[in-house]
Amino acid sequence: MRRTPLGLAAPALLVLCGSLGVAHPAAAESVEPFYKGRTIELLTTAPGGRYDLTSRLVARHFGDFLPGRPKVIVQVEPGAGGLTVANRLANTSPRDGSVLALAQPASWQLAIEGDPNARFDPAKMTWIGSMSSFADDADLLIVRADHAARSVADLQRTGLSAKLGAGTAGSTNLTFALLARDVLGLHVDVVRGYPGAPNLFLAMQLGELTARRWR
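Residues numbered from 1 in each chain as written. Predicted model: local features only at pLDDT ≥ 70, side-chain atom pairs only at ≥ 80, totals over all residues. Heavy atoms only, no water.

A.B. asks: Explain the overall build of the protein chain here, please?
C.D. replies: When helices and strands are tallied, the protein chain shows six helices and seven strands. Burial status across the protein chain gives 47% buried among its 215 residues. Contacts in the protein chain between residues at least 24 apart in sequence constitute 72% of all its contacts with a sequence separation of at least 6. (Helix = DSSP H or I, 4+ residues; strand = E, 2+ residues; numbered from the N terminus. Buried < 20%, exposed > 50% of the residue type's maximum accessible area, 1.4 Å probe, protein only. Contact = heavy atoms within 4.5 Å.)

The following block contains the structure:
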């Protein structure tokens, strides 16, 4: 991550594997006095999940890359697969650089598709960056050890299926689950509505689910 002042960034939302949003102070020359001694709020979703853990890692170091070296704290806003975070950043958060956000990719995809629950225009946001280049990343399909499937090809066979856990609308887990079923042709029953990664793992452990997506 380069040490780039964020004083001229527009109200923003970072997407993909951890993207940050920030509204700008009035002028570039006022950036350091504005941030010095302040506490910056970093909004995130799904407590205990990958986005929550990534946010806490970012919060530990991100202030070092801002003029004035402010303290950054994490504020978890669960719900709607990240849409709660996106809507809050766009509509109710201060537009002065004191609030950042890390959201899931599907949040802005839903907005582009015209979902009425996405109350923001992605084209009017400044997308600052991602925690990953996605050059060598891969989504994993995890199944229980006692499930018969040992490869993706197994779930393409007739007669073998898995209960694949997913989040709510806007969550990356749900997007992956629908792609696995409708695009890749895997025999999975999509069970949606889980609020976060810990809930999905617990459901697998209890036998409610036999599979989930993980990166």
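A.B. asks: Mind showing me how you'd approach the pairing of strand 1 (residues 39-44) here?
C.D. replies: Regular strands place their side chains on alternate faces of the sheet. Counted residue by residue, strand 1 has five buried out of six residues, so it is predominantly covered. With six bridges connecting them, strand 1 and strand 2 (residues 71-76) associate as parallel partners. In the strand pairing of strand 2, Leu42 is matched with Val74. One ladder, built from three bridges, connects strand 1 with strand 3 (residues 99-101); its direction is parallel. Bridge pairing in strand 3 links Leu42 to Leu100. (Pairing = 2+ DSSP bridges.)

A.B. asks: Help me understand the side chain of Asn87 in this model?
C.D. replies: Note on placement: Asn87 falls in helix 3 (residues 83-91). Those residues in contact with Asn87 that sit more than four places away from it in its chain are Thr92, Asn117, Ala118, Arg119 and Phe120.

A.B. asks: Can you walk me through unusual backbone geometry in this structure?
C.D. replies: Backbone phi values are negative for most residues with the exception of glycine, while trans is the configuration of most peptide bonds. Positive phi is not limited to glycine here, since Arg69 has a value of about 45°. By the element assignment, Arg69 lies in the loop between helix 2 (50-61) and strand 2.

A.B. asks: For this particular structure, what's the right way to read the sheet that holds strand 3?
C.D. replies: In a beta sheet, neighbouring strands are held together by backbone hydrogen bonds and run either parallel or antiparallel to one another. Ordered in space as 2-1-3, the three strands form an open sheet in which the pairing is parallel. Where the open sheet ends on each side, the last strands, each with one partner, are strand 2 and strand 3. Along the sheet, successive strands turn relative to each other by an average axial angle of 30°, direction set aside. Lying on the sheet, helix 2 is in contact with strand 1 and strand 2; it crosses strand 2 at an angle near 165°. Along the sheet, helix 3 contacts strand 1, strand 2 and strand 3; its crossing angle with strand 1, the most-contacted strand, is approximately 140°. (Axes fitted to C-alpha atoms, helices over the stretch in contact; angles between N-to-C directions.)

Read these as layout, nothing more, since geometry by itself doesn't imply function.
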